[in-house]
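Inside the fold
Residues per chain, in single letters:
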Number of protein chains: 4
Amino acid sequence: MKNTVAEIAGKTRSREVECANGQGIVHSRMALIDRYRAVRQFSEKICETLEPEDFVIQTMPEMSPTKWHLAHVSWFFETFVLKVHLPDYESLHPQYTFLFNSYYNAAGKMHARPQRGLISRPTVRNTYEYRKYVDTMVLKLLGEASERKLEVLAPLIVLGLNHEQQHQELMLTDIKHVFWMNPLRPVFRKEKPNAASSSAKLKWQNFDGGIYSIGHEGAGFHFDNEGPRHETLLQPFALASRLVTNREYLEFMEDNGYTRPEFWLSLGFNMVKEKYWDSPFYWERDLGKWGMMTLDGMRAVDLDEPVCHVSYFEADAYARWAGARLPTEAEWEVASEEVPVEGNFAESGFYHPAPARESGRTEGLQQMFGDLWQWTQSSYSPYPGYKPVRGALGEYNGKFMCNQYVLRGASCATAKSHARRTYRNFFPPDARWQFMGIRLAKEIS
Amino acid sequence: MKNTVAEIAGKTRSREVECANGQGIVHSRMALIDRYRAVRQFSEKICETLEPEDFVIQTMPEMSPTKWHLAHVSWFFETFVLKVHLPDYESLHPQYTFLFNSYYNAAGKMHARPQRGLISRPTVRNTYEYRKYVDTMVLKLLGEASERKLEVLAPLIVLGLNHEQQHQELMLTDIKHVFWMNPLRPVFRKEKPNAASSSAKLKWQNFDGGIYSIGHEGAGFHFDNEGPRHETLLQPFALASRLVTNREYLEFMEDNGYTRPEFWLSLGFNMVKEKYWDSPFYWERDLGKWGMMTLDGMRAVDLDEPVCHVSYFEADAYARWAGARLPTEAEWEVASEEVPVEGNFAESGFYHPAPARESGRTEGLQQMFGDLWQWTQSSYSPYPGYKPVRGALGEYNGKFMCNQYVLRGASCATAKSHARRTYRNFFPPDARWQFMGIRLAKEIS
Amino acid sequence: MKNTVAEIAGKTRSREVECANGQGIVHSRMALIDRYRAVRQFSEKICETLEPEDFVIQTMPEMSPTKWHLAHVSWFFETFVLKVHLPDYESLHPQYTFLFNSYYNAAGKMHARPQRGLISRPTVRNTYEYRKYVDTMVLKLLGEASERKLEVLAPLIVLGLNHEQQHQELMLTDIKHVFWMNPLRPVFRKEKPNAASSSAKLKWQNFDGGIYSIGHEGAGFHFDNEGPRHETLLQPFALASRLVTNREYLEFMEDNGYTRPEFWLSLGFNMVKEKYWDSPFYWERDLGKWGMMTLDGMRAVDLDEPVCHVSYFEADAYARWAGARLPTEAEWEVASEEVPVEGNFAESGFYHPAPARESGRTEGLQQMFGDLWQWTQSSYSPYPGYKPVRGALGEYNGKFMCNQYVLRGASCATAKSHARRTYRNFFPPDARWQFMGIRLAKEIS
Amino acid sequence: MKNTVAEIAGKTRSREVECANGQGIVHSRMALIDRYRAVRQFSEKICETLEPEDFVIQTMPEMSPTKWHLAHVSWFFETFVLKVHLPDYESLHPQYTFLFNSYYNAAGKMHARPQRGLISRPTVRNTYEYRKYVDTMVLKLLGEASERKLEVLAPLIVLGLNHEQQHQELMLTDIKHVFWMNPLRPVFRKEKPNAASSSAKLKWQNFDGGIYSIGHEGAGFHFDNEGPRHETLLQPFALASRLVTNREYLEFMEDNGYTRPEFWLSLGFNMVKEKYWDSPFYWERDLGKWGMMTLDGMRAVDLDEPVCHVSYFEADAYARWAGARLPTEAEWEVASEEVPVEGNFAESGFYHPAPARESGRTEGLQQMFGDLWQWTQSSYSPYPGYKPVRGALGEYNGKFMCNQYVLRGASCATAKSHARRTYRNFFPPDARWQFMGIRLAKEIS
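Here is what the cut-offs are and how they apply
Residues numbered from 1 in each chain as written. Chains lettered and ligands numbered in written order. Predicted model: local features only at pLDDT ≥ 70, side-chain atom pairs only at ≥ 80, totals over all residues. Heavy atoms only, no water. Contact = heavy atoms within 4.5 Å. Buried area = accessible area lost by both parts, 1.4 Å probe. Salt bridge = Lys/Arg side-chain N within 4 Å of Asp/Glu carboxyl O. Polar contact = N/O pair within 3.5 Å; in protein donor to acceptor, adjacent residues only side chain to side chain. Helix = DSSP H or I, 4+ residues; strand = E, 2+ residues; numbered from the N terminus. Axes fitted to C-alpha atoms, helices over the stretch in contact; angles between N-to-C directions. Parallel < 35°, antiparallel > 145°, perpendicular 65-115°, else oblique. Left-handed = near helix turned anticlockwise from the far one by under 90°. Pairing = 2+ DSSP bridges. Domains from an automatic or database assignment. Nonpolar A, V, L, I, M, F, W, Y, C, P; charged D, E, K, R; others polar. Buried < 20%, exposed > 50% of the residue type's maximum accessible area, 1.4 Å probe, protein only. Least-squares fit on C-alpha atoms with pLDDT ≥ 70 in both.

Notes on the interface of chain D and chain C
- Each side of the interface is counted separately: chain D has 28 residues, and chain C has 28 residues.
- Surface buried jointly by chain D and chain C totals about 2200 Å² across both partners, of which 58% is contributed by carbon and sulfur atoms.
- Contact with chain C buries surface across chain D, with Leu 233, Cys 402 and Asn 403 of chain D losing the most and accounting together for 23% of the total.
- At the junction of chain D and chain C, the tally comes to two salt bridges.
- Its salt-bridge partner being Glu 443 of chain D, residue Lys 387 of chain C comes within 3.9 Å of it at the nearest N-O pair.
- Across the chain D-chain C interface, the total number found is five residue pairs in polar contact (both at pLDDT 80 or more).
- Taken together, the elements giving at least two residues each to the side of chain D that touches chain C come down to strand E3 (230-234), helix H7 (266-275), helix H8 (312-321) and strand E10 (373-379) of chain D.

Details of the packing of helix H1 (residues 29-46) of chain D against helix H5 (residues 147-181) of chain D
Residue and element names in this part refer to chain D.
- Following both chains from N to C, one finds H1 and H5 inclined at 20°, their axes separated by 10 Å at the closest point. Taken together, the axis directions place H1 and H5 in an arrangement best described as roughly parallel. Remark: the crossing between H1 and H5 carries left-handed chirality. Mapping the contact onto sequence places Arg 29, Leu 32, Arg 35, Tyr 36, Val 39, Arg 40, Phe 42, Ser 43 and Ile 46 in H1 and Glu 147, Leu 150, Ala 154, Ile 157, Val 158, Leu 161, Asn 162, Glu 164, Gln 165, Gln 168, Met 171 and Leu 172 in H5.

Let's talk about the sheet that holds strand E12 (residues 425-427) of chain B
All names here are of chain B.
- The four strands lie next to each other as E12-E11-E10-E13, forming an open sheet whose pairing is mixed. Across the chains shown, the open sheet's two edge strands, defined by having one partner strand only, are E12 and strand E13 (436-437).
- Sheet topology note: the strand E10 (residues 373-379)/E13 ladder contains two bridges and is parallel. Each residue of the ladder has a partner; that of Gln 374, found in E13, is Gly 437.

A short note on the domain arrangement of chain A
All names here are of chain A.
- Split by domain assignment, chain A resolves into domain 1 (29-181) and domain 2 (204-443).
- Inter-centroid distance (C-alpha atoms) of domain 1 to domain 2 is 27 Å.
- Listed as interface residues are 30 residues of domain 1 and, on the opposing side, 31 residues of domain 2.
- When the two sides are added together, the surface that domain 1 and domain 2 hide from each other amounts to roughly 2700 Å², 66% of it contributed by carbon and sulfur.
- When residues of domain 1 are sorted by the area they lose upon contact with domain 2, Glu 169, Lys 176 and Trp 180 head the list and together hold 28% of the total.
- Our enumeration of links across domain 1 and domain 2 arrives at 16 residue pairs in polar contact (both at pLDDT 80 or more).
- The element that contributes the greatest number of residues to the side of domain 1 that touches domain 2 is helix H5 (residues 147-181), accounting for 17 residues.
- Along the lines of polarity and charge, the residues of the side of domain 1 that touches domain 2 split into 18 nonpolar, seven polar and five charged.

Quick notes on the side chain of Ser 379 of chain A
- Topologically, Ser 379 of chain A is positioned in strand E10 (residues 373-379).
- Residue classification places Ser 379 of chain A among the buried positions, given a relative accessible area of 13%.
- The residues touching Ser 379 of chain A, leaving out its near neighbours within four places in the chain, are Gln 404, Tyr 405 and Val 406 of chain A together with Ser 379 and Tyr 405 of chain B.

Quick look at the relation of the copies chain D and chain C
- For the match of chain D to chain C, the screw axis carries a shift of 0.0 Å, the RMSD comes to 0.0 Å, and the turn is 180°. Here the symmetry operator amounts to a two-fold rotation axis. Residues of chain D ranked by C-alpha distance from the rotation axis are headed by Asn 403 of chain D, positioned 2.4 Å from it.
- When you check the interface residues of chain D against chain C, 100% turn up at the interface there too, and the contact is symmetric in its surfaces.

Points about the pairing of E3 of chain D
All names here are of chain D.
- Among the five residues that make up E3, four are buried, leaving the element largely enclosed by the rest of the structure.
- Of the pairings in the sheet, the one linking strand E2 (residues 210-214) to E3 comprises five bridges and is antiparallel in character. Bridge pairing in E3 links Gly 210 to Leu 234.

Regarding unusual backbone geometry
- At the junction of Gly 227 of chain B and Pro 228 of chain B, the peptide bond is cis and its omega measures out at -5° in the coordinates.
- As for its position among the elements, Pro 228 of chain B is in the loop between strand E2 (210-214) and strand E3 (230-234).
- One non-glycine residue, Arg 185 of chain A, lies in the positive phi region at around 45°.
- By the secondary structure assignment, Arg 185 of chain A is in the loop between H5 and strand E1 (204-207).
- Of note, Tyr 351 of chain D is a non-glycine position whose phi angle comes to about 55°, a positive value.
- Tracing the backbone shows Tyr 351 of chain D in the loop between strand E8 (343-344) and strand E9 (369-370).
- Judged by relative accessible area, Tyr 351 of chain D falls into the buried class, the value being 4%.

This is the structure:
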């Protein structure tokens, strides 16, 4: 999800500019401008409690400083909207093109990723000035564009906003890592603790085998990797009604799960030994009790919450220990069809997964959206007939389809308007710092 | 292919012990003994031209010294046959269990893989003594076993022989690397050069979409990762009639293929830059002409031969440059159904891929077996319903199903009796030292 | 010089507390308090032009964030003065002990050095609060101490102030590295350019052989590694009257100095090849012209200035190329005896070496103090009879006496009151980021 | 000692060719030929018990395969004698020049040192053929040379033989490492165990301060780093009468010597933690008892033997723990003046240090030569006025004078005719695989 690209319709010619918020369509110039303002403001709202020093740090190569995120998403609008569509546009600083390109080879040279934490300038203040400058220009462009021009601009703007929403999630997961690496363990935001005191019982929901269609369809926004929609053949399968809890995961740990090679992929077991993994990431044992780092600071592990910050390796090993397996992404998508896109999203400001509540219903899947991204067993690969778009934006997704695994759903750090049934998130199998959890699947004979 | 495990039938109860040579069945005790002798002797025949010093060297962590291969395949029989089924069996040396275990955690501790080239003892002579000792014991066991016992032993023996055939291929590819790393560029075996002077024209063969069954079926030997047989849904596709040639690959190189990021997976392009790749492995430019290392020593690149020693990254980039793609493993298997398992195998002693000859036929796939393993775009993952066998042999295949890609067919270093339509070879996407090539596929609209 | 410890007299019993500024003595409580205030304020003055973000960055393991320096020097007073001598002293934050210990094993566990740039909290503001807190407590202690107590405290305070002066120099050299690593190349402080337009002619000054005494003597402050004073035997030698200039060093470069192994120590030549060194550190070629990074930003190389930011390896290779050698530290100290401790020091705020002006005199050594530290050929080792002090402060110097080389003099970033003839600075032979230059020596037959 | 260069007299014009065996002089052509034969044969005698596989292995970058040593010392004669002085000399193989150059940049490109274990060809047999070829040519040259020519050749031959003797010692220490790295722990040569059952009491011998001359003088052979002879000033000091024993070193270990930072140089303590050092190299604890690897295989630690295979860091830490220090190299040389060059050398074939026997004498230093090289506190640096010879041979010694420490004496693996009072052996402070021990020194007040 560090990467993604919109299939920029480009062909849309209706007066109603279509763009993506998962469900709706932006009906007008004003709606587009409103949405632009809302998403951009949310990025800054996330940073409200940070000190200037917090914005600068890069605590591992995979993450980026908050300052960099804020600048990079603005660079995206500058590069793909302003430089192309605003005549005589001049950048605020010629070097920003170099500093804030993430990985678009076609957009020129770029600053080495692991060195993002080595530059103190531009400062936080400069970065906000840069955002403001880009906002002014974009809003001017949107305000003055002809209707015809607006049809061209809208998909790019919507792509840029979805791109920014991806980085909003990364800003939250990355700052969590920054605070974790600090022995003082600072608190990002003091929130009310989770009130729920129990988690729902795990049930299995069955699905028939057969030919299903998966992948995005229709006019709404989606990234290019979600298409083309195509048929796939599934065997009958069952899916767990909720995510695996900390209580259940602790049983695996106490059954010596981390030291028994029979549960593990070979690469995974090497990782366990090399990195001394013996619990989910952000867990820490203190006087015999497990605590965990949250964006509210350190606190005791709540046994009813879904287990979080586990790698693909751990998810896979847990599933094998539990006599189950991870779902494929096709199974997950098919199963999600009747489930509304609702849940514990970033808008709540809770930023932490919540226990599954016991619902009166005997049927139905819980926690499919929000709470945690869910590892599937599917290697991230192109759908049949997939073609990336031409040019630099074609680098958004396709080139990352190797040695990564697909996650489905959305997390407590994802904006609700960013979540979709067909969304394909992806990370390498050893990644743990995202809000990642486990949903089990199994065969039905 | 460094790994694999047989689905050990165990349940076979017919008098005719079923085992695997791709086509046939071993009908009797004598046939089993003959096959044992033949496979074991072929390993030693491969080493005929080596000096004792050649057996010792480990030139990269991924490969193993010849001496180690010869001992490890014997250790396999010792561990899974003799120690279990021969009462009072005593090992020739108690430390061999430690030294020659490759990766079976359940079989005890093991010598670190990258250190296999650091032990001069046991010597080559000791190693041959070890082989002889194991052979004597196995043959004694097979000669004296009751028919009932033989039914239990046969699948294990057949598995051990298939395992040894895998290592025969590795012995050839590994010694090629040893000789390449030596500035003297020694010659492994002086063979007649390839007589063919032209390669067949590339044609496209079409296949219908629909539901197909893939995976192994029936009594013959197969590794556990080849099953269960199951249905899969394919879109219509076309497959190239032969492998990509050096001539074609040079066009890609001369079109600056290695420096244009638009053709590459992101990890692949990083690798190109990090390792300074600018041609297939074993190629070397001398006075403006491309030469290549073969088991016959250095010689000029033959433009009609299939391009060899390319990684998944290079195969994928070439395909994208050529406006095509790599086949999925299901497509490959379906397409192979009408093609006989014949070709340029290890038995010929040629040990190098040969050009596709122009056949009179207007239809038909060439070079599907023998010559080169063919990269597919399929990540190596379990078939629906796959379950590894219990115990140490369960570590043969399943635990490697992560961050590797499937190759299909067989190579000029594979024994013919080891090749199968359903065979799933696999390597990480940056591996190049095996006999690996490219067959193109494309969509049909 | 990242390390050092004072031989804390402890025995001083005179009413006039002796302490070190190279020349003078602190005559009274008020003088001690004044000196404390002056040195502490100078640290903060250095940081005047920095933004909060600049204080946080660690751009290589050998350097530290400005924030860390400011806190660590305060920790020193807290640990060795307040915790020991102020009854019921409470630290501002219990974790600071852990975070700001540099390398004193005897003072407890410490935060890993290469991770100093990974902590955003305490913020810059917090750090200044910490400084203020420590200052208040130290000044209270000094103000209220009995005369007898003051005799104990004074040497510790003086040691702490010398320690802080060492870190003042590091703050300047470290922030230079921070700004260098930033492609924007920020300017630390805009100063008047150097007015001098020519450099003095290099002359050789001869010294007789014989037995000399070197090492510190008398009551003034000095670090423990400067003693005991002892006799040493010198052969006749000559010393260059000034430092090697950029003009002279460029001749070496243009004579292919960096690619001719005959001039280099073996480790040095390996370093040249491994790191692609082809000029002093902070030099950069742009359109065929050499520029250099200074604390005033990038500017053209001034040929008359002394060459700066060269490693021991480069100094030694240059000397060999020039048919000379580096001086021993004993030769340097003996030669310095008639030279006043005057020059281009940190107090001037110029922070850059200046050309040697042509003086009317035919004799005399220039640039012995200020401008640049001067590499000697002497490995950093204990003087005969050297004994570190007991306890944590004994870790200041002695334990670093291995694989480092001695530099003599002082630099444009050294406080004048910190410079001494007997001062032994030291760095590993590949260090380049300090203000380091070359003075030649040779034998006289 | 991996490096060294002879001061090739070149000027010697007497009929009696002077060359070096520490004491004697080669009086004639026949004596030179005899000496050549004897030294060359001893190299091969050392390898008598090895299998071909043993010659190939490189178990760490610092050591070399036996095969390489045997070839390299022949390359030395070929490069500096045959190619220069034998008209129309043709090398046996043109690539050997590349493969067997160790580090002489002026003699052309060379094979990377850490890859010496990656080449199986030339084989051991080829290597012996190469030696024989070189021997034939050298002996032919020596037999036929005019007396005048012989005067030129003799110093080169003597240098080559001393060079070969250095490599003889390395062959022994390197093969010890090869066998250690093998879990089978092979035995190099079965010798009688050491009969001595007790070690002499440690006494201190005092030496006066004053001006002494050190360095080589006179006609005998010596390496260039042993000169020029020069005066040095010493303070009064005492030297221990014998080496530190295993019994004494164990006391240090049992007093938690390896975990108490106060005894260690900073780099040394880092090494202890990084490499988990807790005993001398080649020691191994088994069931609570310390065993050690010797060239006779594993056996119990003999408490009376001198402690061996300790680094400079350990020697220095032990000395500090014992309230003493290491001697300087000047002190050692001065103290050695009255001690005959006798002891436990390689010629005995014992290849292991022996306990100091209790002698009737109340005075006198034991174990100064043979048994173990003795770490001094002296960094390896040039003597005043030192100049390397011109050309490739100038790379023998001088360029290694950085970050290494001097060892004095000689070891049980040194040929007696190779030992000298003025000999300066040197290794980096973390090296342990040589026969290295500890002799204490201290100040006398």
